[in-house]
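Now for the letters of each chain:
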Amino acid sequence: MNTTSEDQLQLNQILSTKALGQRSYFFETAESTNDHAWEKLAEGAPHGTLIVAKEQTQGRGRHGRRWFSPNGGLWCSIILDTSLLPNIQLGQIPLLIGVAITETLKNNFNLNVTLKWPNDLLVNNKKIAGILSESRQIRKSTGNITNNEKRAVVVGIGLNCNIQKENFPNDLQMEPTSILIEKSQQIDIIKLLSDILFSIENWFDVYSNEGFAAIKSAWKQHSGILGEIVKIDTGPDTFSGKVIDIDNTGALLIEEPNGNTKTVIAGDILLSRETY
Ligand code: BTN
């Protein structure tokens, strides 16, 4: 296995983005790359700054869940300055990132990836990747008496690459898979990272030029849940219905058995094949 500085050198040699990953920090072990990203942001790290770890000891998923992050995965976080992405809404970001990663995995490995709202990537209903998008209001000192408020986002990507089936714990919320399991091949994680960064940046450009409509359309093409009957757990509430669309903020639209449409801003989808 390469050292972290070899990884960083390799990335610098092949990266073809304008901003994403142009500044990077590589760690052998990190508690969570998202935490490192927030620290770097507080120190003034610019848009596109990338944090990568070979393994995480406190990797976290959505809703504070543990994220299994041993050697052999792509565990990284990217700092986004949303003021550079005019009009982008927080709920749209994981969908954009999901589309970018899905297309990269399809192009590079011919993997049959589907998207599960809001931010799971599945292969044959097994989870291959997850996205953790965190947002904070940042006070930026301008040197004037007034301070500028801006919103920063850290996007954490967890992608199971070279992990053997028997190495996953069996208490994970969703059955996991990896590129190694699906394709029986060890892959070059840094090359994949470089392609993912390029794809994300490209989708940001698409967003800037065409707005969310283009992302929404791509997301729907890759969605594995559109038209499906699902159970939704919103925390306080669980209900069933048919996934009919996503709206222009990235929220999920569910048609309930009584014909009403519910808008879901946050929650977990529990896949079920039952009809109603
Ligand atoms: C989920 O599906 O719940 C999201 C998982 C996100 C995991 C990644 S791994 C890199 C980054 N650092 C973390 O602690 N979490 C994200």
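Our structure is the block above this text.
Let me begin by describing the structure that accompanies this report. All of these numbers come straight from a predicted model, not from anything done at the bench.

1. Comments concerning the environment of Glu 175
And then number 1: By secondary structure assignment, the location of Glu 175 is in the loop between β7 (147-160) and α4 (179-183).
And then number 2: For Glu 175, a relative accessible area of 45% gives the class partly exposed.
And then number 3: Residues Glu 175 and Lys 127, spaced 48 residues apart in sequence, show a C-alpha to C-alpha distance of 6.2 Å.
And then number 4: Once residues lying within four places of it in the same chain are set aside, the contact partners of Glu 175 are Lys 126, Lys 127 and Lys 165.

2. Some thoughts on the site of the ligand
And then number 1: Among the 19 residues in the neighbourhood of the ligand, the closest are listed as Ser 32, Gln 56, Arg 60, Arg 62 and Lys 127.
And then number 2: Here Arg 62 contributes a backbone N or O atom positioned 2.7 Å from an oxygen atom of the ligand.
And then number 3: Coverage of the ligand by the protein amounts to 98% of the 420 Å² it exposes when considered alone.
And then number 4: A majority-of-atoms criterion places the ligand in the largest pocket.
And then number 5: When residues of the shell around the ligand are traced back to their parent elements, those giving at least two are α2 (33-42), β3 (73-81), β6 (126-141) and β7.
And then number 6: Sorting elements by how many residues they give to the shell around the ligand places β6 first, with 4 residues.
And then number 7: A class-by-class count of the residues in the shell around the ligand yields 5 nonpolar, 10 polar and 4 charged.

3. Some details on the packing of aromatic side chains
And then number 1: Tallied over the full model, the rule gives 2 aromatic pairs.
And then number 2: Ring geometry for Trp 67 against Trp 75: centres 6.5 Å apart, planes inclined by 80 degrees, an arrangement best described as edge-to-face.
And then number 3: Owing to a relative accessible area of 1%, Trp 75 belongs among the buried residues under this scheme.
And then number 4: Taking the ring centre of Tyr 25 as reference, the NZ or CZ of Lys 40 above it sits at 4.2 Å.
And then number 5: For the cation-ring pair, Lys 262 lies above Phe 239, with the distance from its terminal atom to the ring centre recorded as 4.0 Å.

4. Overview of the pattern of salt bridges
And then number 1: Evaluation of the coordinates by the stated rule reveals 14 salt bridges.
And then number 2: A salt bridge links Lys 220 to Asp 245; the shortest N-O distance between them is 2.9 Å. In this pair, Lys 220 is assigned in helix α6 (residues 212-222) and Asp 245 in strand β9 (residues 238-246), connecting sequence segments 25 residues apart.
And then number 3: Residue classification places Lys 220 among the partly exposed residues on the basis of a relative accessible area of 27%.
And then number 4: Taken together, the shared-partner salt bridges connect Asp 35, Arg 60 and Glu 134 into one network.

5. Some words on helix α1 (residues 4-14)
And then number 1: For α1, the complete set of buried residues consists of Thr 4, Asp 7, Gln 10 and Leu 11. Around the axis of α1, the buried residues are gathered within 120 degrees of arc, so they sit on the same side. Seen from the open side of α1, the exposed residues pointing more than 90 degrees away from its buried face are Leu 9 and Gln 13.
And then number 2: Packed against the buried residues of α1 are β1 (24-30), β2 (50-56) and α5 (189-210).

6. Quick notes on the sheet that holds strand β8 (residues 229-233)
And then number 1: In spatial order, the strands read β11-β10-β9-β8-β12; together these 5 strands make up an open sheet with antiparallel pairing. Each having just a single partner strand, β11 (261-264) and β12 (268-271) make up the two edges of the open sheet. Taken pair by pair, the neighbouring strands of this sheet meet at an average axis angle of 50 degrees, ignoring direction.

7. Topic: the side chain of Thr 49
And then number 1: Inspection of the secondary structure puts Thr 49 in the loop between α2 and β2.
And then number 2: Owing to a relative accessible area of 0%, Thr 49 belongs among the buried residues under this scheme.
And then number 3: Contacts of Thr 49, omitting those with residues within four sequence positions, involve Arg 23, Tyr 25, Ser 77, Ile 78 and Ile 79.

8. A word on the environment of Leu 20
And then number 1: Relative to the assigned elements, Leu 20 resides in the loop between α1 and β1.
And then number 2: Overall, the relative accessible area of 1% leaves Leu 20 in the buried class.

9. With respect to the pairing of strand β5 (residues 120-123)
And then number 1: Burial along β5 is two-sided: the face carrying Asp 120 and Leu 122 and the face carrying Leu 121 and Val 123 are both buried.
And then number 2: Two elements, strand β4 (residues 113-116) and β5, share 4 bridges in a ladder whose sense is antiparallel. Of the residues in β5, the one forming a bridge with Lys 116 is Asp 120.
And then number 3: Linking two consecutive strands that pair antiparallel, namely β4 and β5, is a turn of 3 residues.

Cut-offs applied
Residues numbered from 1 in each chain as written. Predicted model: local features only at pLDDT ≥ 70, side-chain atom pairs only at ≥ 80, totals over all residues. Heavy atoms only, no water. Helix = DSSP H or I, 4+ residues; strand = E, 2+ residues; numbered from the N terminus. Buried < 20%, exposed > 50% of the residue type's maximum accessible area, 1.4 Å probe, protein only. Contact = heavy atoms within 4.5 Å. Near = heavy atom within 4 Å. Polar contact = N/O pair within 3.5 Å; in protein donor to acceptor, adjacent residues only side chain to side chain. Areas by Shrake-Rupley, 256 points an atom, 1.4 Å probe, with all protein chains shown as cover. 1 Å grid on protein atoms, 1.4 Å probe; cavity = no way out; pocket = protein on both sides within 12 Å on 5 of 7 lines; lining within 4 Å. Sits in = over half its atoms within 2 Å of the grid points. Nonpolar A, V, L, I, M, F, W, Y, C, P; charged D, E, K, R; others polar. Phe/Tyr/Trp six-rings, centres within 6.5 Å; stacked < 30°, edge-to-face > 60°. Lys NZ or Arg CZ within 6 Å of the ring centre and 35° of its normal. Salt bridge = Lys/Arg side-chain N within 4 Å of Asp/Glu carboxyl O. Arc of directions from axis to C-beta. Pairing = 2+ DSSP bridges. Axes fitted to C-alpha atoms, helices over the stretch in contact; angles between N-to-C directions.

By themselves these figures say nothing about function.
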